[in-house]
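# Summary of structural features
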Amino acid sequence: MPFSTYWSSVRDGISSDDIIGGVIKPIVFAFIIGSIACRKGLSTEGGTVGVGRSTTQAVVLGSILAIVADFFLAKALQIILDMPQ
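Residues numbered from 1 in each chain as written. Predicted model: local features only at pLDDT ≥ 70, side-chain atom pairs only at ≥ 80, totals over all residues. Heavy atoms only, no water.

### Some thoughts on the overall build of the protein
Basically, it comes down to this: Secondary structure is summarised from DSSP: a helix means a run of H or I of at least four residues, a strand means a run of E of at least two, and numbering begins at the N terminus for each. A 1.4 Å probe rolled over the protein chains alone gives each residue an accessible area, and that area as a share of the maximum for its type sets the label: buried under 20%, exposed over 50%, partly exposed in between. Only heavy atoms enter the contact rule, under which two residues are in contact if any of them lie within 4.5 Å. All accessible areas in this document rest on Shrake-Rupley with a 1.4 Å probe, and a residue is counted as covered only by the protein chains that are shown. Counted as positive: Lys and Arg. Counted as negative: Asp and Glu, with His and the chain ends omitted from the count. By convention, the charge on Lys lies at NZ, on Arg at CZ, on Asp at CG and on Glu at CD.
Scanning the protein for helices and strands turns up 3 helices and 0 strands. Each of the three principal axes of the protein carries a C-alpha extent, and together these read 55 × 35 × 15 Å. A total of 85 residues make up the protein; the buried ones form 15% of that total. For the protein, the proportion of contacts with a sequence separation of at least 24, taken over those separated by at least 6, is 64%. Accessible surface, the protein: about 6400 Å² in total, of which carbon and sulfur atoms supply 69%. The protein carries 6 positive and 6 negative side-chain charges, and their two centres are separated by 13 Å.

Right, dumping it as C-alpha cells:
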C-alpha cells in the first residue's frame, strides 16, 4: 500500500475530537496511577514483603480506577465534544 493512500485514510478517519480524547485520557490515567503508586509507596511498612504487598495493591487499585475513570471520561467526552454514542 502506498504511503499516500494510508495517510489519506488516516486523515479521513481521525477527527480533532479523537485527538483531544487521546490526549486527555492518558493524562488523567497517569495522574490516577501515579497518585495511587505514590500513596501506597510512601505508606509501605514491613521491609521487602511490605514493598511487594504495596506494589500489588497499587497495581490492582490503579487498574480498577483506570477502568472506572475510562468509563466516566468516555461519557463526559461524548457529552462535551458532542460525539455520537
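### Concerning the side chain of Lys-40
As a reminder of what qualifies: In what follows, salt bridge is the name for a side-chain nitrogen of Lys or Arg lying within 4 Å of a carboxyl oxygen of Asp or Glu.
Tracing the sequence through the fold places Lys-40 in helix H2 (residues 16–42). For the buried residue Lys-40, which engages in no salt bridge, the nearest side chain bearing the opposite charge is Glu-45, 12 Å off. Apart from residues lying up to four places away in sequence, Lys-40 is in contact with Ser-54, Gln-57, Ala-58 and Leu-61.

### Regarding the packing of aromatic side chains
Threshold: In summary, the pairing rule links any two rings of Phe, Tyr or Trp, Trp by its six-membered ring, whose centres are within 6.5 Å, and it sorts them by plane angle into stacked for under 30 degrees, edge-to-face for over 60 and tilted for everything else.
Considering all chains together, one arrives at 3 aromatic pairs under this definition. For the pair Phe-3 and Tyr-6, a centre-to-centre distance of 6.2 Å together with 40° between the ring planes defines the contact as tilted. Of this pair, Phe-3 and Tyr-6 both sit in helix H1 (residues 3–13), 3 residues apart, which is roughly one turn of that helix. Exposure remark for Phe-3: the relative accessible area of 60% places this residue in the exposed category. On the accessibility criterion, Tyr-6 (43% relative accessible area) is partly exposed. An aromatic cluster of three or more residues is present, and its members are Phe-3, Tyr-6 and Trp-7.

### Thoughts on helix H3 (residues 47–80)
Two residues of an α-helix separated by three or four positions point the same way, owing to the 3.6 residues in each turn. Here is the rule we go by: A helix is expected to reach a length of 1.5 Å times the quantity of its residues less one.
Its 34 residues give H3 an end-to-end C-alpha distance of 46 Å, which sits within 8% of 50 Å, the value for a rise of 1.5 Å per residue. Structurally, H3 contributes buried residues whose contacts are with H2. Taken from the residues just after H3, Asp-82 is the one with a positive phi, measuring 55°.

### A look at a nonpolar patch on the surface
Threshold: Like-charged residues within 9 Å of one another, or nonpolar side chains (Val, Leu, Ile, Met, Phe, Trp, Tyr) within 5 Å, are grouped into patches, provided each residue has over 30% relative accessible area and no salt bridge.
A contiguous nonpolar surface patch, about 480 Å² in accessible area, is contributed by Val-60, Ile-64, Val-68, Phe-71 and Phe-72. As for its placement among the helices and strands, Phe-72 is situated in helix H3. According to the relative accessible area criterion, Phe-72 is exposed, its value standing at 53%.

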